[in-house]
Amino acid sequence: MAQETVPRDAILQETVTRETVAQDTTWQCGDFAFPVQGPDAHPLVMGILNVTPDSFSDGGTHNAPADALAYAELMLEQGADIIDVGGESTRPGSDEVLPDEEARRVLPVVRELVRRGVCVSVDTRHAQVARACVEAGAAIINDVSGFRDPDMVDVAAGCEAGLVVMHMLGEPKTMQAEPRYDDVVAEVSAYLVRQARMLESAGVAHNRICIDPGVGFGKTTDHNLKLLKATDRLAALGYPLMVAVSRKRFIGALTDVDDAAQRVAGSVAAAAYAVEHGAVVARVHDVAQTAQAFRLFAAILSA
Ligand code: HH2
């Protein structure tokens, strides 16, 4: 992977320097400006809308555009700020979906949600799909491959969408084979800062970038826990931080719950922990439960 070519000490030094830089007060996503610092800030809920036959916890449940739109409306009523539309499962071991097929799945849904004024994120690692969705009005590109593809960087630099830069070790097909790090928090932090700065060098404004350590993407349960425990350190890197743990396998492993749909309480607990430690966006399947937890949190903090 590309990060191996950059001296680690240099990256860590940069990371430390960045900690002293004040964060932007908003995350700018096209025409949407989400407050992420200061009195107007509140944790943002990104509702997951998978239009795939095979996603790990909700595959096939709202594949048809009409079902997907109805489900998006439900999540918006429940408190979602953003709808993240995905047409390719990136669960461990999954095969890549060709961009034409992925675009065929997501575009009708993206177009209609944009028409309704929704802040739409597209969850894709394919530049062709990202470009088509941004042209259709999507306000966020959520790239689980962290903008490694130069074509994806071109798309990012040529638009005003918000960007989610995620860390993934390798590719979904093989990432869980034997993930290894000397220091998972330092290595993931360094990667995220380096990719974010690469995007800034390509012309992307700092306040468009959000970072995500990629829980479950080439990480063991222990790696995931270390990253979650380091939320405050990741949140201090100078970019809004996303927590995306919803229903993931490590929650099942830690709580003996095989059925992903039954991992809601663990997911909400982990998201609430992360938000309390500085994360500002939560990507979740269970919007109502997460929004309820965040509202309670806010009430306690402002009492
Ligand atoms: N996880 C998944 C998909 N997209 N995006 C970000 N930024 N962070 C994540 O951790 C992340 C993501 C995997 O979850 P899901 O979409 O529910 O499943 P699948 O990939 O099987 O569709």
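Treat the numbers as computed from the prediction; the structure is a model and nothing was measured.

Trainee: Explanation requested: the overall build of the protein in the structure shown.
Mentor: Helix and strand counts for the protein stand at 11 helices and 10 strands. Taken over C-alpha atoms, the radius of gyration comes to 18 Å for the protein, in line with the 19 Å a tight globule of 303 residues would show. With the C-alpha coordinates of the protein rotated into their principal frame, the extents come out at 50 × 45 × 40 Å. Residues classed as buried in the protein amount to 53% of the 303 residues present. Nonlocal contacts in the protein, meaning residues at least 24 apart in sequence, comprise 69% of its contacts between residues at least 6 apart. Carbon and sulfur atoms provide 52% of the accessible area of the protein, an area that totals close to 12900 Å².

Trainee: Looking at this structure, I do not really get the sheet that holds strand β10 (residues 281-284). What am I missing?
Mentor: Sheet strands associate in pairs through backbone hydrogen bonding, adopting either a parallel or an antiparallel arrangement. Pairing within the open sheet is parallel, and its eight strands lie in the order β8-β7-β6-β5-β4-β3-β10-β9. Here the strands that pair on one side only, and so sit at the sheet edges, are β8 (209-212) and β9 (242-243). Relative to strand β4 (residues 82-86), strand β3 (residues 44-50) is paired through five bridges, and the arrangement is parallel. Pairing of Asn-50 across the sheet is with Gly-86, part of β4. In this fold helix α6 (residues 184-201) packs onto β7 (162-166) and β8, with an angle of close to 145° to the strand it touches most, β7.

Trainee: Just checking my understanding: could you explain the packing of helix α4 (residues 127-135) against helix α5 (residues 150-157) for this structure?
Mentor: When two helices pack together, you describe them by how their axes are tilted relative to each other and by the distance separating the axes. At a minimum axis separation of 9 Å, α4 and α5 run at an interaxial angle of 15°. With respect to each other, α4 and α5 are oriented roughly parallel. The handedness of the crossing between α4 and α5 is left-handed. Side by side, α4 and α5 meet where Ala-127, Ala-130 and Arg-131 of the first sit next to Asp-151, Met-152 and Val-155 of the second. Looking at the contact of α4 with α5 residue by residue, the classes come out as four nonpolar, no polar and two charged.

Trainee: Just checking my understanding: could you explain the environment of Lys-226 for this structure?
Mentor: By the element assignment, Lys-226 lies in helix α7 (residues 221-229). Overall, Lys-226 belongs to the partly exposed group, its relative accessible area being 43%. Sequence spacing of Lys-226 and Pro-53 is 173 residues, and the spatial spacing of their C-alpha atoms is 32 Å. Not counting chain neighbours up to four residues away, the residues in contact with Lys-226 comprise Val-184 and Val-185.

Trainee: Would you mind showing me how to read unusual backbone geometry here?
Mentor: In most cases, non-glycine residues show a negative phi, while peptide bonds are predominantly trans. Unlike most non-glycine residues, Phe-147 shows phi in positive territory, near 55°. Relative to the helices and strands, Phe-147 resides in the loop between β6 (140-143) and α5. Its identity as a non-glycine residue notwithstanding, Arg-247 has a phi of 60°, on the positive side. Summarising the element assignment, Arg-247 is placed in the loop between β9 and α9 (249-255).

Trainee: Is there a simple way to think about the site of the ligand in this case?
Mentor: Around the ligand, the structure places 18 residues, and the nearest of them are Ser-55, Ser-89, Asn-142, Asp-212 and Lys-248. Interatomic distance of 2.6 Å between a side-chain N/O atom of Asp-212 and a nitrogen atom of the ligand. Coverage of the ligand by the protein chains reaches 98% of its 480 Å² of free accessible surface.

Trainee: Even after reading the chapter, I still don't get the state of the cysteines, so can you show me in this structure?
Mentor: Each disulfide consists of one covalent bond between the sulfur atoms belonging to two cysteines. The tally for this structure, following the rule as stated, stands at zero disulfides. No disulfide involves Cys-29; its nearest neighbouring cysteine sulfur is the one of Cys-119, lying 5.5 Å away. With no disulfide of its own, Cys-133 lies closest to Cys-159 among cysteine sulfurs, the gap being 11 Å.

Trainee: Would you mind going over the nonpolar core with me for this structure?
Mentor: Taken as a class, soluble globular proteins show a tendency for nonpolar side chains to be buried jointly. If you look at the biggest cluster of nonpolar residues, it comprises 70 residues, and the most contacted ones within it are Leu-49, Ile-83, Val-85, Leu-113, Ile-141, Phe-147 and Leu-199. Of the residues forming this core, the biggest block, eight residues, is contributed by α6. For Leu-199, the residues in contact, after removing those within four places along its chain, are Phe-147, Val-153, Ala-156, Leu-163, Val-165, Val-204 and Ile-209. By size, the runner-up hydrophobic cluster in this structure holds 16 residues, among which are Cys-29, Leu-44, Ala-139 and Cys-210.

Reading guide: rules and limits
- Residues numbered from 1 in each chain as written.
- Predicted model: local features only at pLDDT ≥ 70, side-chain atom pairs only at ≥ 80, totals over all residues.
- Heavy atoms only, no water.
- Helix = DSSP H or I, 4+ residues; strand = E, 2+ residues; numbered from the N terminus.
- Rg over C-alpha atoms; globule rule 2.2 N^0.38 Å.
- Buried < 20%, exposed > 50% of the residue type's maximum accessible area, 1.4 Å probe, protein only.
- Contact = heavy atoms within 4.5 Å.
- Areas by Shrake-Rupley, 256 points an atom, 1.4 Å probe, with all protein chains shown as cover.
- Pairing = 2+ DSSP bridges.
- Axes fitted to C-alpha atoms, helices over the stretch in contact; angles between N-to-C directions.
- Parallel < 35°, antiparallel > 145°, perpendicular 65-115°, else oblique.
- Left-handed = near helix turned anticlockwise from the far one by under 90°.
- Nonpolar A, V, L, I, M, F, W, Y, C, P; charged D, E, K, R; others polar.
- Near = heavy atom within 4 Å.
- Polar contact = N/O pair within 3.5 Å; in protein donor to acceptor, adjacent residues only side chain to side chain.
- Disulfide = S-S within 2.5 Å.
- Core = buried A, V, L, I, M, F, W, Y, C linked by side-chain atoms within 4.5 Å.

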